Amino acid sequence: MLYYLSLFKDDISVLNIFNYITFRTGAAIVTSFVMSLLVGPWLINKLRALKIAQIERQYGPASHLSKNGTPTMGGLLILISLLTSVLLWARLDNPYICLVLFTTITLAFVGILDDYTKLVKHNPEGLASSIKLTIQLFTAVVVVGYLALNPPNGDYATSLSIPYLSSTFVDLSVFYFAFAMLVVVGSSNATNLTDGLDGLASGCMIFAALTYAVFAYLAGNINFADYLKIIYVPGAGELSVFLGALVGACVGFLWFNAYPASVFMGDTSSLFLGGVLGTVALCVKQELLLPIAGGIFVLETISVMLQMGYFKATHGKRLFKMAPIHHHFELCGIPEPKVIVRFWIAGAMLMLLALASLKIR
């Protein structure tokens, strides 16, 4: 909303600062971070009073049983901080902002329902998988349907840009839309699988979101996009403000979620964080960059798929000690804090690798 103060810049010149995406992105980071710090203690105490707490399953790592009773649904803190900051600093008439807000709200809704079913209704299985998948598919259909009718760049509507190669594209034709839906649903579930250690998902999300904040800003500027040989997407720069708010919210949440965690995010935010990242990748036409920038989430997903496939193929044998793979490393004797920090380091390196694609073309 504060962007609209720039409309009065002719009367008060200083108000022109609200017109700059870079300023509003920085302000969004600070706002959501401070909001997290202010709301966090109250929310954690409220969750504890309502006895909305973690219940570790017996077939998880034995070391995690000590986490029983830790307040969960802390993803509400990310959601509240994110939405507050976006409403303050982003242009709400921007279609991409509306699209990522839609993704955020719908996937947060299914996440809240899932956590409510598990923690309040005491159903350890949570919301039925069919219901979760249906809402995820609905979200993907709306996102992909809107982008099909209003492509970010009409010349590349169904094309994929190949990272590290100059002006190299693959046109998927009608198959692009199925691929795009897979990006949204797959990234949502991938982040959900990564949320298994204190601060792991939120820390890795910070690096992935920062990567796409840079790409969104550059894609929205015709001069930068032309110079760097990336697809120009008018209006995409505004997504930097949203992603800045997301980064600030995740950093603020990490303040309380860092090992040993005072609160867990739960499905409340783990589902929408990944879904938003996938939606942004579609909006800025950098779909194939997602497995690089979000490489940790991809690794976690692949480890689960390999474990399941190997288990079935070998009639009960396991490829890893436990999946997702972060549990495998724990069971190999690596302390949880060390696993988390090493994954963060890998996430930071992947961010740099993804950003390097801007010049390696």
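Above this text you will find the structure in question.
This report concerns the structure included in the present document. Computed from a prediction, not measured in an experiment: that's the story for all the values here.

Cut-offs and rules
Residues numbered from 1 in each chain as written. Predicted model: local features only at pLDDT ≥ 70, side-chain atom pairs only at ≥ 80, totals over all residues. Heavy atoms only, no water. Helix = DSSP H or I, 4+ residues; strand = E, 2+ residues; numbered from the N terminus. Rg over C-alpha atoms; globule rule 2.2 N^0.38 Å. Buried < 20%, exposed > 50% of the residue type's maximum accessible area, 1.4 Å probe, protein only. Contact = heavy atoms within 4.5 Å. Core = buried A, V, L, I, M, F, W, Y, C linked by side-chain atoms within 4.5 Å. Polar contact = N/O pair within 3.5 Å; in protein donor to acceptor, adjacent residues only side chain to side chain. Lys, Arg positive; Asp, Glu negative; His and termini not counted. Salt bridge = Lys/Arg side-chain N within 4 Å of Asp/Glu carboxyl O. Expected span 1.5 Å × (residues − 1). Patch = residues over 30% accessible without salt bridge, like charges linked within 9 Å, V, L, I, M, F, W, Y side chains within 5 Å. Areas by Shrake-Rupley, 256 points an atom, 1.4 Å probe, with all protein chains shown as cover. Axes fitted to C-alpha atoms, helices over the stretch in contact; angles between N-to-C directions. Parallel < 35°, antiparallel > 145°, perpendicular 65-115°, else oblique. Left-handed = near helix turned anticlockwise from the far one by under 90°.

We now examine the overall build of the protein chain. Helix and strand counts for the protein chain come out as 13 helices and two strands. Whereas a compact globule of 361 residues would reach a radius of gyration of roughly 21 Å, the protein chain reaches 20 Å, a difference of no more than 12%. Based on the C-alpha atoms only, the size of the protein chain along its principal axes is roughly 60 × 45 × 35 Å. For the protein chain, buried positions account for 51% of its 361 residues.

Once that is clear, we can look at unusual backbone geometry. Omega for the peptide link from Tyr259 to Pro260 comes to -10 degrees, which places this bond in the cis form. Structurally, Pro260 is set in the loop between α8 (239–257) and α9 (267–283). The amide bond that connects Ala323 to the next residue, Pro324, takes the cis arrangement and shows omega of 0 degrees. Looking at where Pro324 falls in the secondary structure, it is placed in the loop between α11 (295–313) and α12 (325–331).

Note on placement: Gly196 falls in the loop between α5 (175–194) and α6 (200–219). Sequence separation between Gly196 and Met265 is 69 residues; the distance between their C-alpha atoms is 9.9 Å. Not counting residues up to four positions away in its chain, the partners in contact with Gly196 are His64, His326 and His327.

Quick look at the nonpolar core now. With 96 residues, the main nonpolar core has Tyr212, Leu239, Phe242, Phe272 and Leu282 as its most contacted residues. The element that contributes the greatest number of residues to this core is α6, accounting for 13 residues. Not counting the four nearest positions on each side in its chain, Tyr212 is found in contact with Leu243, Leu277, Val280, Ala281, Val284, Gln286, Glu287, Leu289, Leu290 and Ala293.

Once that is clear, we can look at the side chain of His327. Secondary-structure assignment places His327 in helix α12. Judged by relative accessible area, His327 falls into the buried class, the value being 10%. Here the side chain of His327 touches Glu330 through a polar contact of 3.0 Å, side chain to side chain. Those residues in contact with His327 that sit more than four places away from it in its chain are Pro61, His64, Gly196, Leu197 and Met322.

All right, on to the side chain of Asp115 then. Of note, Asp115 is situated in helix α3 (residues 95–119). Look at Asp115: it is buried, it has no salt bridge, and the nearest opposite charge is Lys118 at 4.1 Å. For Asp115, the contacting residues outside a window of four places in its chain are Met73, Val120, Met265, Gly266, Asp267 and Thr268.

This paragraph deals with α6. The α-helix advances 3.6 residues per turn, and as a result positions three or four apart in sequence lie on the same side. An ideal rise of 1.5 Å per residue puts 28 Å on 20 residues; α6 measures up with 29 Å between its terminal C-alpha atoms. Along α6, 17 of the 20 residues are buried, which leaves the element largely enclosed by surrounding structure.

The subject of this paragraph is a nonpolar patch on the surface. Where nonpolar side chains cluster on the molecular surface, the patch consists of Val298, Ile302, Leu306, Tyr310 and Leu319 and spans about 380 Å² of accessible area. In this structure, Tyr310 sits in helix α11. Classification of Tyr310 by relative accessible area gives partly exposed; the value is 33%.

So, about helix α13 (residues 336–356). Spanning 21 residues, α13 covers 30 Å between terminal C-alpha atoms, matching the ideal 30 Å at 1.5 Å per step. For α13, the complete set of buried residues consists of Glu336, Val339, Ile340, Phe343, Gly347, Ala348, Met351 and Ala354.

A few words now on the packing of helix α4 (residues 129–149) against α9. It is at 11 Å that the axes of α4 and α9 come closest, and there the two elements cross at 25 degrees. Considering their axes alone, α4 and α9 lie roughly parallel with respect to each other. α9 is crossed by α4, and the crossing has right-handed handedness. Between α4 and α9, the residues in contact are Lys132, Gln136, Val143, Val144 and Leu147 and Asp267, Leu271, Thr279, Leu282 and Cys283, respectively.

Evaluation of the coordinates by the stated rule reveals seven salt bridges. A salt bridge links Asp267 to Lys118; its shortest N-O distance comes to 3.5 Å. With a gap of 149 residues between them, Asp267 in helix α9 and Lys118 in helix α3 connect regions that are remote in the sequence. A relative accessible area of 7% places Asp267 in the buried class. Lys118 sits in the partly exposed class, given a relative accessible area of 21%. A cluster of three or more residues bridged by salt bridges with shared partners is formed by Asp114, Lys118, Lys132 and Asp267.

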